[in-house]
Amino acid sequence: MSEQNRLGVFKTYKLYVGGKFPRSESGRVYEVTTKTSGAGAAGKGAWLANVPQSSRKDARDAVVAARKAFGGWSGATAYNRGQVLYRVAEMLEGRKEQFVREVAASEGLSKSKAAAVVDAAIDRWVWYAGWTDKIGQISGGANPVAGPFFNLSTPEPTGVVAVLAPQKSSLLGLVSVIAPVIATGNTAVVIASADAPLPALSLGEVLATSDVPGGVVNILSGATAELAAPLAAHQDVNAIDLTGAGAELAKELEIAAADNLKRVLRPLPAEADGSDASADWLAAPGTHRLTAFLETKTVWHPTGALGASGSSY
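All values derive from a computational prediction rather than experimental measurement. (Residues numbered from 1 in each chain as written. Predicted model: local features only at pLDDT ≥ 70, side-chain atom pairs only at ≥ 80, totals over all residues. Heavy atoms only, no water.)

(A) The overall build of the protein, seen in detail. Of regular secondary structure, the protein possesses 10 helices and 12 strands. Looking at the protein as a whole, 47% of its 313 residues are labelled buried. Surface accessibility of the protein: about 14700 Å² in total, with carbon and sulfur atoms responsible for 56%. (Helix = DSSP H or I, 4+ residues; strand = E, 2+ residues; numbered from the N terminus. Buried < 20%, exposed > 50% of the residue type's maximum accessible area, 1.4 Å probe, protein only. Areas by Shrake-Rupley, 256 points an atom, 1.4 Å probe, with all protein chains shown as cover.)

(B) Region of the structure containing the sheet that holds strand β3 (residues 141-142). Here we have three strands laid out as an open sheet, ordered β3-β4-β10, and antiparallel in their pairing. Single-partner strands in this sheet number two, and they are β3 and β10 (294-302). Direction of pairing for strand β4 (residues 149-157) relative to β10: antiparallel, over a ladder of nine bridges. Note on β10: the bridge partner recorded for F149 is P302. (Pairing = 2+ DSSP bridges.)

(C) Representation of the packing of aromatic side chains in the model. Summed over the entire model, instances satisfying the criterion amount to five aromatic pairs. Consider the rings of Y16 and F21, whose centres lie 5.2 Å apart with planes at 35 degrees: the pair is tilted. With relative accessibility at 2%, the residue Y16 sits in the buried group. Residue class for F21 comes out partly exposed when judged on its relative accessible area of 33%. (Phe/Tyr/Trp six-rings, centres within 6.5 Å; stacked < 30°, edge-to-face > 60°.)

(D) Highlighting helix α9 (residues 247-257). Looking at α9, one finds that the buried residues are L249, A250, L253 and A257. Projected down its long axis, α9 shows its buried positions confined to an angular sector of 100 degrees, all on one face. With respect to the buried face of α9, the exposed residues turned more than 90 degrees away are A247, E248, K251 and I255. Structurally, α9 contributes buried residues whose contacts are with β5 (160-164), α8 (224-233), β8 (239-241) and β9 (263-265). (Arc of directions from axis to C-beta. Contact = heavy atoms within 4.5 Å.)

(E) Structural detail: helix α6 (residues 172-183). Here α6 contains 12 residues, and its C-alpha end-to-end distance of 16 Å stays within 8% of the 16 Å for a straight helix at 1.5 Å per residue. Taken together, the buried positions of α6 are occupied by L172, G173, L174, V175, S176, V177, I178, A179, P180, V181, I182 and A183. One or two residues past the end of α6 sits G185, with phi positive at roughly 95 degrees. (Expected span 1.5 Å × (residues − 1).)

(F) How the structure looks around the pairing of strand β6 (residues 187-191). Counting buried positions along β6 gives five out of five residues, so the element sits mostly inside the fold. Residues T187, V189 and I191 of β6 are buried on one face, and the alternating residues A188 and V190, pointing to the opposite face, are buried as well. Where β5 meets β6, five bridges bridge the pair, whose relative direction is parallel. Bridge pairing in β6 places L164 opposite I191. What joins β5 to β6 is α6, and the crossover it makes is right-handed. Pairing analysis gives four bridges linking β6 to strand β7 (residues 217-220), with the strands arranged parallel. For I191, the partnering residue across the bridge sits in β7 and is L220. (Right-handed = clockwise from strand over helix to strand, strands pointing away.)

(G) Examining the pattern of salt bridges more closely. Scanning the model with the defined rule gives 13 salt bridges in all. The salt bridge involving D241 is made with R289; its shortest N-O contact spans 2.9 Å. Placement of the pair is D241 in strand β8 and R289 in helix α10 (residues 288-292), with a sequence separation of 48 residues. Classification of D241 by relative accessible area gives buried; the value is 0%. (Salt bridge = Lys/Arg side-chain N within 4 Å of Asp/Glu carboxyl O.)

(H) Main features of the environment of K168. With respect to the helices and strands, K168 occurs in the loop between β5 and α6. Residues K168 and A194 lie 26 residues apart in sequence; the distance between their C-alpha atoms is 9.3 Å.

(I) The arrangement of the sheet that holds β8 in detail. Strand order across the open sheet formed by five strands is β7-β6-β5-β8-β9, with parallel pairing between neighbours. Strand pairing shows two members of the sheet lacking a second neighbour, β7 and β9, which therefore form its edges. Taking the axes of each pair of neighbouring strands and ignoring which way they run, one obtains an average angle of 15 degrees across the sheet. Against the sheet, helix α1 (residues 56-75) contacts β5, β6 and β7, and its axis sits at roughly 155 degrees relative to β6. (Axes fitted to C-alpha atoms, helices over the stretch in contact; angles between N-to-C directions.)

(J) How the structure looks around the nonpolar core. W125, V190, L207 and I219 are the most contacted members of the largest nonpolar core, which has 62 residues in total. In this structure V190 touches V163, A165, L174, I178, V217, N218, I219 and L220, once residues within four positions along its chain are discounted. One finds V189, I191, L227 and L242 within the second-largest nonpolar core, a separate group that totals 25 residues. (Core = buried A, V, L, I, M, F, W, Y, C linked by side-chain atoms within 4.5 Å.)

(K) Quick peek at the environment of P148. Within the secondary structure layout, P148 lies in the loop between β3 and β4. C-alpha separation for the pair P148 and P302, spaced 154 residues apart in sequence, amounts to 5.9 Å.

In structure tokens:
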């Protein structure tokens, strides 16, 4: 059959929860269109896809999946987590052309600019993969104490982290908020950009075909405010990243998060309006996102009997 007579196969975008690809339990979908520089605030680009509009039940299911995966993922060695993250970068590299198309359409970028963004996102995965077995060295250590004790502080993952992905940076910003969460042994429930969710949903396919265990990352699409509210109030969510929330929504979520003393990562000043329009995701990320969702455990251990010759060690 010639190409002219062939029917195109449209891609069906689904959620990524617990290592599987469900549709929203509500049955709702919404339309995603291209972003074009000529479109005004109310303008509409070309149709791209219908994507699931997640419900509160989908959010709760994602938390259950993330909690189930937490024990195995946090218990893995840091070196192993680094290998897994590097495998994600390998898979992204192999599907680069697809992500270039999706980022270009989602963010209104030229093909060359979109390619640069995708390259940066892949490099960002590799960068965080290298930090998995090193972050403990800069956030922990031996503490000097007065007495015959070893006093050691070590970082441990916080638990299940709800992540509100950036609204404008559909891939690089997304990677920049997911990778540090899972690199340090946490599991994540991610709310993708409402207007540009396609790269995030495609990232779920990359994660599923990498070595990332199901449930470590769960990706939801839909209205950010609708999904963030139950996650901020959820008693089994240990922390929340407010990067993709506007100032008013962030305040509401922070109040809800206080109910079970969640760790809260507030947006940086450049991200504070929730649009992250002025955030420079290409800049070096530093380590603040790696340490944001770590708890410090300090252990005292006696050094043994002290005699005239000093410690027995």
